[in-house]
Structures are given as structure tokens and as C-alpha cells.
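# Descriptive structure summary
Residue-level listing of the chains:
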Amino acid sequence: MAALGVARLYAAAEHFRRARLAAAAGLVFLAIFVTGLAAPALIPSSVVRDVKFAAKLAPPSAAHWFGTDDFGRDLFSLVLLATHLDLRAALTVVGAALVIGVGLGALAGFVKGLDEPLMRITDVFLSIPSLVLAMAIASVLGRSLENLSLALVFVSWPIYCRLMRGQVLSEKEKPYVRALRSLGVGRVRLIVRHIVPNTVFPVVARAPADVGLVLITLAALSYIGFGPGPYVPEWGSLVAAGQAYIFQAPWLVLFPGGAIFLTSLSLNLLGDWARDLFDPRLRS
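In this report, we go over the structure that sits alongside the text. (Residues numbered from 1 in each chain as written. Predicted model: local features only at pLDDT ≥ 70, side-chain atom pairs only at ≥ 80, totals over all residues. Heavy atoms only, no water.)

A separate point is the overall build of the chain. A count of helical and extended segments in the chain gives 11 helices and 0 strands. Ordering the α and β elements of the chain from the N terminus gives α-α-α-α-α-α-α-α-α-α-α. Principal-axis analysis of the C-alpha atoms gives the chain an extent of 80 × 55 × 35 Å. A burial count over the chain gives 41% of its 284 residues as buried. Carbon and sulfur atoms make up 70% of the accessible area of the chain, which totals about 15300 Å². Of the charged side chains in the chain, 25 are positive and 17 negative; the average position of the first set lies 9 Å away from that of the second. (Helix = DSSP H or I, 4+ residues; strand = E, 2+ residues; numbered from the N terminus. Buried < 20%, exposed > 50% of the residue type's maximum accessible area, 1.4 Å probe, protein only. Areas by Shrake-Rupley, 256 points an atom, 1.4 Å probe, with all protein chains shown as cover. Lys, Arg positive; Asp, Glu negative; His and termini not counted. Charge placed at Lys NZ, Arg CZ, Asp CG, Glu CD.)

Now the structure itself:
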């Protein structure tokens, strides 16, 4: 009994610690999200083309909080504009992949004739490294943030499809579903009112961490040249442009890289908390 009590106390303390981490991560991400959302209204788009070679590579100061880049542009403004573009792209990618994957996964779980072909298609996508597949698709579509986002949707939806299909197949065999069928509940009502609500939340709980992963992937692909052009502020492009001056002006890499780190870390902590919240096995 004493050991059980200690175990419960430890579990409660661990749950409280995770909740505090998730709350702190939520506040950090909220601040980043609000800042990125307001960036286009606060910062004119002309900042991107406002070249001032006289102020080239100026260190952080009261006039330029993050310093200036090799064109004399205010780095703080560029990072904020990049926050808006990257967050919008990552949220769009995960949202689209979630809708496609959940829809196709539910079909695979409910319709036996679609299960086999859909799973073979997902096998093809999952057999190729996602970064390599995204690079191939982005190179065919052309260099832009929209095309890069579309490429990441292509490589992201199979994961959600697999998860949703597994959840549906597991939920269909539970006793309450059989009881509802024996009571004469219709197939459509059974799916919409009971099975889907009980299966979709564990899949959606994965989304916050995936947004962070997509942000890192976007930055990585932009860093190696698959992102938007030089006059489109993006975190990966800013890091790539600043690496040539990493010893002379380290702030060019430090601030956009720090934005990537903070955003992805906060989203991963939120994703861990959401997973524990919606997965009773992990929560127990």
C-alpha cells in the first residue's frame, strides 16, 4: 500500500510538472503567434527591399534590436515577417494534411474495399524519406513558399491516414459499438456520433508537435535552396544568408535560429501534453 501511495504521488507530481511545462510553452507560443499575426500590420513590406549599405552588419542596438543584415535591413523586422509566413505555412500544411489524412483514414477503416488500395498508397509515400520526397516535389513545382507547403502536405497526410485507420479499426470492435448496433442504431449515426468523435482526438493530439516539425523542415528546405526567393523573409533563408558572416555578425544566425528553436520547442511541449491528455494509456 505504501508503495502504491508513493507511485501515485510520483505520478501526480509528474503530471503537475508536465502541466506547468505545457502552460509555459503555451504562453511562449501564444506570444510568438500573436507577434507573427500582427507583423504585416506593424511592419511595412518595403522593409524587405529597404537596402542601406551604410548600415550594413550593424550590431544590435536601440535603433535595430536584432542588428542589421548584409544589406543594411533591420533584422528584427525581417524575423517578425518571417514568423508570420512560416507559422501560416506550417499551420496550413498540418491542417490540410490532417483533413486529408483523417478523411482517407476513416474511409479505409469503414469501407473494406478502400482499405487495401489506400494502405498501399500510404506505404509508397512512407517508404520514401519525407525530406527527399519533399525536395523532389518542390523542385518539380518550382521555388516558392506555396509550392514548398504543397510538397509538405503530400508527405504529411499518410501518417494521419494510418493513425486514423488504426483508431477506427480498434474502436469498431469495442463493446459499446456492438451494443449500439444491436439496438438498431444506423450506420451513419454510429460513425458520426460515436466512432469518429472517439477516434479523432488522439490523432489531432499529434498536430502541435507536427507543426513544430513542419517549421523545422520548412527552414531546412529553405536553407538548402528550395524555399522562396531572396526578397521573401523566411527563417531558413535568413539563416542561410547569415552563415557567411557567422563570425563577423553572429546575430544574423542567432536570432532567426532562436526563433525556430523557441517555436518548435514550445510546440513539442504542447504536443507531449496533448498526447498525454488524449491517450489514457500514456496518461496512466
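Our next topic: the side chain of Asp115. With respect to the helices and strands, Asp115 occurs in helix H3 (residues 112–127). Asp115 gets classed as buried once you look at its relative accessible area, which sits at 15%. Excluding residues within four positions of it along the chain, Asp115 makes contact with Ala108 and Arg165. (Contact = heavy atoms within 4.5 Å.)

A separate point is the nonpolar core. Ranked by size, the top nonpolar core spans 69 residues in total, and within it Val79, Leu152, Tyr160, Met164, Val214, Leu218 and Trp235 carry the most contacts. In terms of residue count, the dominant contributor to this core is helix H2 (residues 75–110) (18 residues). (Core = buried A, V, L, I, M, F, W, Y, C linked by side-chain atoms within 4.5 Å.)

Another point: the pattern of salt bridges. Counting across every chain of the model gives 8 salt bridges. Put simply, Arg162 and Asp123 hold a salt bridge, and the shortest N to O gap is 2.1 Å. Placement of the pair is Arg162 in helix H5 (residues 145–172) and Asp123 in helix H3, with a sequence separation of 39 residues. Through salt bridges that share partners, Glu116, Arg120, Asp123 and Arg162 make up one connected network. (Salt bridge = Lys/Arg side-chain N within 4 Å of Asp/Glu carboxyl O.)

It is worth spelling out the packing of aromatic side chains at this point. Overall, the coordinates contain 5 aromatic pairs when judged by the stated rule. Where Trp65 meets Phe76, the ring centres are 5.0 Å apart and the plane angle is 55°; that geometry is what we call tilted. One end of the pair, Trp65, is in the loop between helix H1 (2–42) and H2; the other, Phe76, is in helix H2, and 11 residues separate them in sequence. Classification of Trp65 as exposed rests on a relative accessible area of 56%. Among the residues examined, Phe76 registers a relative accessible area of 22% and is labelled partly exposed. Note on Phe125 and Trp157: the rings are 5.4 Å apart at their centroids and 65° apart in plane angle, and the pair reads as edge-to-face. (Phe/Tyr/Trp six-rings, centres within 6.5 Å; stacked < 30°, edge-to-face > 60°.)

For the rest of this paragraph, the subject is a nonpolar patch on the surface. Together, Val28, Phe261, Leu262 and Leu265 make up an exposed nonpolar region whose accessible area comes to about 350 Å². The leading source of residues in the nonpolar patch is helix H10 (residues 251–278), at 3 residues. Of note, Phe261 is situated in helix H10. (Patch = residues over 30% accessible without salt bridge, like charges linked within 9 Å, V, L, I, M, F, W, Y side chains within 5 Å.)

Below, the discussion takes up the environment of Ala41. As for its position among the elements, Ala41 is in helix H1. On the basis of relative accessible area, Ala41 is assigned to the exposed category, the value being 73%. For the pair formed by Ala41 and Leu81, sequence separation is 40 residues and the distance between their alpha carbons is 9.9 Å.

Let us look at unusual backbone geometry. Its identity as a non-glycine residue notwithstanding, Leu57 has a phi of 55°, on the positive side. We classify Leu57 as buried; its relative accessible area is 12%.

The N-to-C vectors of H2 and H5 enclose an angle of 35°; their axes lie 5 Å apart at closest approach. Crossing handedness for the pair H2 and H5: right-handed. Looking at the contact of H2 with H5 residue by residue, the classes come out as 22 nonpolar, 5 polar and 2 charged. (Axes fitted to C-alpha atoms, helices over the stretch in contact; angles between N-to-C directions. Left-handed = near helix turned anticlockwise from the far one by under 90°. Nonpolar A, V, L, I, M, F, W, Y, C, P; charged D, E, K, R; others polar.)

Here we come to the environment of Thr217. By the secondary structure assignment, Thr217 is in helix H8 (residues 207–223). In this structure the C-alpha to C-alpha distance between Thr217 and Arg178, which are 39 residues apart in sequence, comes to 43 Å. Contacts of Thr217, omitting those with residues within four sequence positions, involve Leu131 and Leu152.

All right, on to the environment of Ala63 then. With respect to the secondary-structure elements, Ala63 resides in the loop between H1 and H2. Residues Ala63 and Trp273, 210 residues apart in the sequence, show an inter-C-alpha distance of 39 Å.

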